[in-house]
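Inside the fold
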Amino acid sequence: QVQLVESGGGLVQAGASLRLSCVASGRTFNNAAMGWFRQAPGKEREFVAALRWDSRTYYADSVRGRFTISRANAKDTVYLQMPSLKPEDTAVYYCAASEWRTDYNPSAENAYNYWGQGTQVTVSS
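Here is a short report on the structure shown in this document. (Residues numbered from 1 in each chain as written. Predicted model: local features only at pLDDT ≥ 70, side-chain atom pairs only at ≥ 80, totals over all residues. Heavy atoms only, no water.)

With that settled, consider the state of the cysteines. Covalent bonding between the sulfur atoms of two cysteines defines a disulfide. Tallied over the entire structure, the rule returns one disulfide. Each disulfide pairs two cysteine sulfurs, and for Cys22 the partner residue is Cys95, the sulfurs being separated by 2.0 Å. Between Cys22 and Cys95 the sulfur-sulfur dihedral comes to about -75°; the bridge is accordingly left-handed. Residue Cys22 is found in strand β3 (residues 18–25), and its partner Cys95 is found in strand β9 (residues 91–98); the two are separated by 73 residues along the sequence. (Disulfide = S-S within 2.5 Å. Helix = DSSP H or I, 4+ residues; strand = E, 2+ residues; numbered from the N terminus.)

Take the packing of aromatic side chains next. This structure, assessed with the given rule, holds eight aromatic pairs. Seen from their ring centres, Tyr112 and Trp115 are 6.0 Å apart, and the 65° between their planes marks the pair as edge-to-face. Taking the relative accessible area as the measure of exposure, Tyr112 reaches 5% and is therefore buried. Judged by relative accessible area, which is 24%, Trp115 ranks as partly exposed. (Phe/Tyr/Trp six-rings, centres within 6.5 Å; stacked < 30°, edge-to-face > 60°. Buried < 20%, exposed > 50% of the residue type's maximum accessible area, 1.4 Å probe, protein only.)

What follows concerns the pattern of salt bridges. On inspection of all chains with the given rule, the structure shows eight salt bridges. We note a salt bridge from Glu99 to Arg27, for which the minimum N-O separation is 2.8 Å. In this pair, Glu99 sits in the loop between β9 and β10 (114–115) while Arg27 sits in the loop between β3 and β4 (33–39), placing the two residues 72 residues apart along the sequence. Here Asp103 makes a salt bridge to Arg101, at a shortest N to O gap of 2.8 Å. (Salt bridge = Lys/Arg side-chain N within 4 Å of Asp/Glu carboxyl O.)

Written as structure tokens, this is what we have:
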């Protein structure tokens, strides 16, 4: 059974940093793409960042240049480094995994086969 477990969320002040982690288990993810999405209160879930199997990265415009997605050497853990947090970054952050596919669209939710339960990030002003 595949599981994705996020951690690292919390309550911080604006300008602080957090690093989210997502640990995958139940199968190997060497050829999987990993992504982060977030859902703010009253809003739809939105794409944040993704890391493809060939290490190509993708970012939403709102976080490009600020957030960094990376992967552990074992490839079963993906991170989202979030410096300089803003109140508008407040959301539940979800990790997702996509098995290798030719039509992979990093920002499309239906591109991902597995999802974690989410971790809350709250940024106070």
